[in-house]
Amino acid sequence: MNVARTCLLGLLALPMAAQSTHFSAGGALILGLDSYKKAVNSTTGLTLNVGYDTSIYKSGIPARITFGVGSMPGKELNGLKTSLTLFQLAGDLLVQTDVKGLRGIFGLSVNSYSARFSGQESPSVFDVDHHFPFRDAKGLKGGLRLGMEYAFSPRWTGQALLQTTELAGRERYDPLIRRGGINPAWLEFGFRYRF
């Protein structure tokens, strides 16, 4: 009886599934630039996000709001390891190009980082190579997004995106000298599925 009920509910849901909504989900591989490597001593990571396509109020300009999570695992250097988790809220303008299915992406983001540190820092004030690159990643950070997306079908889109965000500056009252002034930037290559 349960199997029949499940099959019947599945058949009833098919017409709704065939209709396209404004919601989408995406994932991308991160390829970090030098500023990214300065933070985690690595160049790879992963992002996942959900989005809602809309338009700018009364203008008709296509836009997308996304909420994403990024994993930025670090590699050990001099006995120290720093890894980051990113939570990001972004708003993008989607600009149609002359090429069918190809749109430009221009956006801003608000970011919150969570940092994990492992290893023992040197107690020497000037031993920068044996200190974590930053002490604190708390607070909201701004960011910029620039890229392109290409629609392979009504539901599948490929994306290439350049992102840069704030992370940590030099702290006035930090007793140790660190690299500081870290604003990670990376390239993302991924796909998006529209529901």
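For the structure given in this document, a descriptive report is provided here. (Residues numbered from 1 in each chain as written. Predicted model: local features only at pLDDT ≥ 70, side-chain atom pairs only at ≥ 80, totals over all residues. Heavy atoms only, no water.)

A word on the pairing of strand β7 (residues 156-165)
The side chains of a regular strand alternate between both faces of the sheet.
Argument step 1. Sheet topology places strand β6 (residues 140-151) next to β7; nine bridges connect them, and they run antiparallel. Bridge pairing in β7 links A151 to T157.
Argument step 2. Where β6 hands over to β7, the hairpin turn is made up of four residues, counted between the paired strands.
Argument step 3. Note: β7 against strand β8 (residues 185-194), nine bridges, orientation antiparallel. Counterpart to W156 in the pairing with β8 is Y193. (Pairing = 2+ DSSP bridges. Helix = DSSP H or I, 4+ residues; strand = E, 2+ residues; numbered from the N terminus.)

With respect to the nonpolar core
Argument step 1. Ranked by size, the top nonpolar core spans 14 residues in total, and within it A39, M72, L84, Y113, F134, L167 and W186 carry the most contacts.
Argument step 2. Listed by contribution, the elements that provide at least two residues to this core are α2 (34-40) and β4 (81-96).
Argument step 3. Aside from chain neighbours lying at most four places away, what touches M72 is I30, Y36, V40, S83, L84, L86, Y113 and W186. (Core = buried A, V, L, I, M, F, W, Y, C linked by side-chain atoms within 4.5 Å. Buried < 20%, exposed > 50% of the residue type's maximum accessible area, 1.4 Å probe, protein only. Contact = heavy atoms within 4.5 Å.)

Quick word on the packing of aromatic side chains
Argument step 1. For the structure shown, the criterion picks out eight aromatic pairs.
Argument step 2. Seen in terms of ring centroids, F23 and Y52 are 5.0 Å apart; in terms of plane orientation they differ by 55°. Their pairing is tilted. Highlighted residues: F23 in strand β1 (residues 23-32) and Y52 in strand β2 (residues 44-55), separated in sequence by 29 residues.
Argument step 3. Here Y52 falls in the partly exposed class, since its relative accessible area comes to 32%.
Argument step 4. What links up through ring pairs into an aromatic cluster is the set F117, F132 and F134. (Phe/Tyr/Trp six-rings, centres within 6.5 Å; stacked < 30°, edge-to-face > 60°.)

Purely spatial values, then, with no claim about function.
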